[in-house]
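Listed below, chain by chain, are the residues.
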Amino acid sequence: MTEGLNSPGVDIPPELQGTVTITTLDRIYNWGRRNSIWPVLMGVACCAIEMICTAASRFDFSRFGMEVMRPSPRQADMLLISGTVTKKMVPQLVRIYNQMAEPRYVVAMGACASGGGPFKEGYNVVSGIDQFLPVDVYIPGCPPTPQALLNGFIALQKKIDKQSIKQVSWYSKGPGEPIPVPVLGPDLMDPREYARIREYTFNPPAPVVEIAGEEA
Amino acid sequence: MSEQVMEFGTDLGERFPEIVTVDTRQGYEGYLVKPEKLVDFATELRDKLGYDYLSSVTGVDYLPENQMEVVYHVFKSTGGSGLVFKTQTPRDQASVPSLVHVYPGAELQEREAWDLLGIRFEGHPDLRRILMWEGFEGHPLRKDWKEAYYEEDTKPFKSRWPSGEIHRVEEKNPFKGNLHYPAHFDPEKWTPDGDAALYSTLAKVEHKPGDDMVTDQIVVNMGPQHPSTHGVFRMVVTLEGETITDLKPVMGYLHRNHEKIGERNTFLMNMPYTDRLDYLSSMSNNFGYALAVEKLMGVRPPERAEYIRVIMAELTRLSNHLMAIGALLNDLGAFFTPIMYALQEREFIMDIFEAVSGSRMMCNYFRFGGVARDLPEDVLEKVRRLAFERLLRQIDELDTYLTKNEIVRFRCEGVGVLTPVQAIAFSTCGPVLRASGVPYDVRRADPYSIYDRFDFDVAVGYHGDAYDRYLVRIEEMRQSVRIIQQAVQQIPEGPVMEGKPQYQVRVPAGEAYGRVEGPKGELGYYVVSTGKPNPWRYHVRAPSFINLTALATMCKGGKVADSVVNLGSIDIVLGETDR
């Protein structure tokens, strides 16, 4: 268990090895966090089935401290986007993310969550969750095999190892800003993009006129 | 189908002179009905001729003829081939009478046709958008509606084929994303509908003056993120105390535009997309689509391929039911232990799928006129070992631990009862229909492929409750093992593909409806071809979508906790519900 915890350069007498560990605050703090990442219990699409398989006996991600899946975002550390993100679903996903307590991580599982995947051209599909949420790890595959998913989790653990209490955003002053929840209008509307939307709908640039001409 | 059409051909024409005409277009079958008399015609068909089961309702946009056509496929719940009738309406004011009062199973399907094609169904009790949200602009499946990432009408797109540069489509879009807004649209002035339209349709509780206890009515949203909804499904429930007074299913959170993409794709390109419909049973989805297109092409796969298809479809049914039972027990509160045992067996089946197709879940294994490749050497031996030595024992184990468990019985028995009449009227299918005492299994009622050669029983329950749905699934798994046992003994050597494998298949003009008994129920594909490399219309009759029509009836009057059990016992998969 204490593997990788000991700070190099400090000798521990042989009789105390196995009982005493000398380490840095960052390291023990991250060691605790990396081994208890609780995902939100939510399946979005096909990839959720491979997520369930990974949770089951053959692959068993509780080996990495992830077996406690929480239906409530308040108690979870990681949002696993396990499938295609649709425009109708994205407001809910952003809300779930906003409700999670920091530190929080987002893993985009599979082609759809990473960039739209095979359904990218669909009129109700968001081309990747990273248009709205900050993604920490992308896992390729359609769907990723359980092994690939585990690899993604290990990548996330390595990422956590590199963080330092001095620099992480959630110990800086003031609460973090929530991500504005997208609105369903004639199409999906990101509140951060309102100015740009208006700019284009009132003064469409040349290519748009061309497309409109074709439609007529 | 043709024999039946012959039989009633003159009959129907005589019964409804000048209303009904035989559809004489090349490659088409069935009847054309005048919209004014549609309800009379359907009532007669149901009551006098016995076509009491409405399988599928969908629309087709015939843009060149400026017509919108609504297509109905009806069957007899006693079995046999079906009947197809259509009605036409002008595109700009598409409106036909609703058949909800004749076939209640049309409810969600008509809403879908309104949402995606803009066909108004007069007399529909609750005609709202179903897959998209209220306020969305346009009806996306219309042929002249173009999505934000529109490039060309049909694939392969020039931007990807064959040697030119690849252009990213988002770079062409002015909003730098999958977005499109009407001209002069100001987002700040937009008031979203929220769910006002939805909430206004919920029934209100009315208190009589003499009621001794007056409780408040509350509306509870379950989902889209809720552990019991098996994905991103949402139920809006009105409660009085703990009793459900009204329930509305809300879907579309996983609407991935399967049909729009499918109509841009070439025929073969759709095969991997069908995998992602009901992602628990990709092989069955392949099967249905292959059957529909093979019907149009007029090819039949060679013997060995037929056997391989049956083995794969039955293994799929096993893996699906294992998941369904595990998930149901999850919903009952036995969190993750029973599903752990179920998934253990499922992994063996996944290994077989991986060996034959290269992928665990998304198999993409079937081709028109056969299967993609022959079985690897040791796979048949593995299947044999599973079927003869392992699976039956493991199903018995599940049966022993779960079936007589007091909690399972207490939570499931008498919950969500659906009478046979209701089950047929709501067009439910698969285990939901059979648990209500209707022994309707497409493999028996209207055999396809080589299912007429196998000896198996159709599992039936007679109580129509959640417990019987569970029992039907257990029994169906045993029957699937029986079929696999026979198939692995009979499978011949030989080719697995009729003719040369082709990337671009030639599909003659016409329409076809291919249906299989998928693990969730009757899975149908309605394909219209104009002789071009792409389907003109590609519609999926999704069993878990249509089974949800009955959800409100199952839940009303029950406790709120039972809605979870009912949903679990229907066994929905959202990829298929929302498509």
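Remember, predicted model here, so these are calculated numbers, not experimental data. (Residues numbered from 1 in each chain as written. Chains lettered and ligands numbered in written order. Predicted model: local features only at pLDDT ≥ 70, side-chain atom pairs only at ≥ 80, totals over all residues.)

1. Observations regarding the overall build of chain B
Convention followed: Runs of E in the DSSP output that reach at least two residues are strands. Runs of H or I that reach at least four are helices, and both are numbered from the N terminus. Here the globule rule reads 2.2 Å times residues to the power 0.38, and the radius of gyration is calculated from C-alpha atoms. Counting other C-beta atoms within 10 Å of a residue's C-beta gives its exposure: the residue is buried at 20 or more, exposed at 12 or fewer, and partly exposed in between, where C-beta atoms are placed from the backbone. Working definition of a contact: two residues with C-beta atoms, positioned from the backbone, lying within 7 Å.
Looking only at helices and strands, one finds 20 helices and 15 strands in chain B. Computed over the C-alpha atoms, the radius of gyration of chain B is 24 Å, within 12% of the 25 Å expected from 2.2 N^0.38 for a compact globule of 579 residues. The burial tally for chain B puts 52% of its 579 residues in the buried class. Across chain B, the fraction of contacts at a sequence separation of at least 24, relative to all contacts at a separation of at least 6, is 68%.

2. Observations concerning the pairing of strand β5 (residues 83-90) of chain B
Residue and element names in this part refer to chain B. Stated formally: Note: two strands are recorded as paired if DSSP finds a minimum of 2 bridges between them.
Bridge count for strand β2 (residues 31-33) against β5 is three bridges, and the pairing is parallel. Looking at the pairing, Leu32 lines up with Lys86 of β5. Both strand β4 (residues 67-75) and β5 contribute to a ladder of eight bridges, which runs antiparallel. Residue pairing across strands places Glu69 opposite Gln88, the latter belonging to β5.

3. Observations concerning the interface of chain B and chain A
Listed per partner, the contact involves 53 residues of chain B and 51 residues of chain A. Only α4 (169-172), α6 (258-264) and α10 (337-357) of chain B provide two or more residues apiece to the side of chain B that touches chain A. In terms of residue count, the dominant contributor to the side of chain B that touches chain A is α10(B) (four residues).

4. Considerations on the pairing of strand β15 (residues 535-541) of chain B
Residues in a regular strand project their side chains so that they alternate between the two faces of the sheet. All names here are of chain B. Counting buried positions along β15 yields six of seven residues, so the element is predominantly enclosed. Across six bridges, the pairing between strand β14 (residues 521-529) and β15 is antiparallel. Bridged to Tyr526 within β15 is His539. In sequence, β14 turns back onto β15 through a hairpin of five residues, with Gly531 there showing a positive phi of about 90°.

5. Some remarks on the sheet that holds strand β2 (residues 105-109) of chain A
All names here are of chain A. The cut-off we apply is this: Angular values range over 0 to 180 degrees, each being the angle between N-to-C directions of two axes fitted as lines to C-alpha atoms, with helices fitted over their stretch in contact.
Spatially, three strands are ordered β1-β2-β3 in an open sheet, and the strand pairing comes out parallel. In this open sheet, the two edge strands, each paired with only one partner strand, are β1 (78-81) and β3 (137-139). Averaged over all pairs of adjacent strands, the angle between strand axes in this sheet comes to 15°, irrespective of strand direction. Across three bridges, β2 lies against β3 in parallel orientation. In the sheet register, Val107 faces β3, and the bridge partner there is Val137.

6. With respect to the domain arrangement of chain B
All names here are of chain B. Rule in force here: Domain delimitation follows an automatic or database domain assignment. Residues are sorted three ways: Asp, Glu, Lys and Arg are charged, Ala, Val, Leu, Ile, Met, Phe, Trp, Tyr, Cys and Pro are nonpolar, and all the rest, Gly among them, are polar.
Taken domain by domain, chain B holds domain 1 (2-122) and domain 2 (258-578). For domain 1 and domain 2, the distance between their C-alpha centroids amounts to 27 Å. With 23 residues of domain 1 at the interface, the matching set in domain 2 holds 25 residues. The set of elements that each furnish at least two residues to the side of domain 1 that touches domain 2 consists of β3 (53-62), β4 and α3 (106-117). Counting residues per element, the side of domain 1 that touches domain 2 draws most heavily on β3, at six residues. Residue composition of the side of domain 1 that touches domain 2, grouped by class: nine nonpolar, 12 polar and two charged.

7. Some words on the domain arrangement of chain A
As assigned here, chain A comprises domain 1 (38-148) and domain 2 (183-215). Just the C-alpha atoms count here: the centres of domain 1 of chain A and domain 2 of chain A sit 29 Å apart.

8. Focus on helix α3 (residues 90-99) of chain A
Residues and elements named next belong to chain A. Rules: Picture the helix axis, draw a direction to every C-beta atom, and the arc is the one those directions span.
Burial in α3 covers these residues: Val90, Leu93, Ile96 and Tyr97. Along the axis of α3, the buried positions cluster into a sector of 120°, meaning they face one direction only. The secondary structure elements touched by the buried residues of α3 are β1, β2 and β5 (188-189).

9. Here's the deal with the packing of helix α11 (residues 379-402) of chain B against helix α16 (residues 466-490) of chain B
When two helices pack together, their arrangement is given by the angle between the helix axes and by the axis-to-axis distance. Residues and elements named next belong to chain B. So the rule is basically this: Reported orientations rely on four angle classes, namely roughly parallel under 35 degrees, roughly antiparallel over 145, roughly perpendicular from 65 to 115, and oblique for the rest. For any helix crossing, the convention is left-handed if the near helix is rotated counterclockwise from the far helix by under a right angle, and right-handed if that rotation is clockwise.
Viewed as axis vectors pointing N to C, α11 and α16 meet at an angle of 160°, and their least axial separation amounts to 10 Å. Taken together, α11 and α16 sit at an angle that is classed as roughly antiparallel. Crossing hand, α11 versus α16: left-handed. Contacts from Leu380, Val383, Arg384, Ala387, Phe388, Leu391, Leu392, Ile395 and Asp399 of α11 reach α16 at Ile474, Met477, Arg478, Val481, Ile484, Gln485 and Val488. Residues that form the contact of α11 with α16 fall into these classes: 12 nonpolar, one polar and three charged.

10. Observations concerning α11(B)
Residues and elements named next belong to chain B. Let me state the cut-off plainly: Note on bend: the value at a residue is the angle between axes fitted to the seven residues ending there and to the seven starting there.
Residue Arg390 marks the point of greatest curvature in α11, where the axis turns by about 45°. When α11 is considered as a whole, its buried residues turn out to be Val383, Leu386, Ala387, Leu391, Ile395, Leu398 and Leu402. Turning to α11, the residues buried within the fold contact α9 (303-332), α10, α12 (406-412) and α16.

11. Description of the sheet that holds strand β10 (residues 243-250) of chain B
All names here are of chain B. Spatially, β8-β9-β10 is the arrangement adopted by the three strands of the open sheet, whose pairing is antiparallel. Among the strands making up the open sheet, the edge pair consists of β8 (217-222) and β10. Averaged over neighbouring strand pairs, the angle between their axes works out to 20° when direction is ignored. Looking at chain direction, β8 and strand β9 (residues 234-240) are connected through six bridges and run antiparallel. Bridging from a neighbouring strand, Met222 pairs with Met235 of β9. Lying over the sheet, helix α19 (residues 560-570) contacts β8, β9 and β10, oriented at roughly 150° with respect to β9.

12. A closer look at the environment of B:Cys555
Residue and element names in this part refer to chain B. With respect to the secondary-structure elements, Cys555 resides in helix α18 (residues 551-555). For Cys555 and Val383, which are 172 residues apart along the polypeptide, the C-alpha to C-alpha distance reads 40 Å. Setting aside its immediate chain neighbours within four residues, Cys555 contacts Ile244, Leu247, Gly416, Asp562, Ser563 and Asn566.

13. Remarks on the packing of helix α1 (residues 25-34) of chain A against helix α5 (residues 146-161) of chain A
Residue and element names in this part refer to chain A. It is at 9 Å that the axes of α1 and α5 come closest, and there the two elements cross at 160°. Comparing the axis directions of α1 and α5 gives the class roughly antiparallel. In the packing of α1 onto α5, the handedness of the crossing is right-handed. Together, Asn30, Arg33 and Arg34 of α1 and Gln157, Ile160 and Asp161 of α5 make up the contact between the two elements. In terms of residue class, the contact of α1 with α5 is made up of one nonpolar, two polar and three charged.

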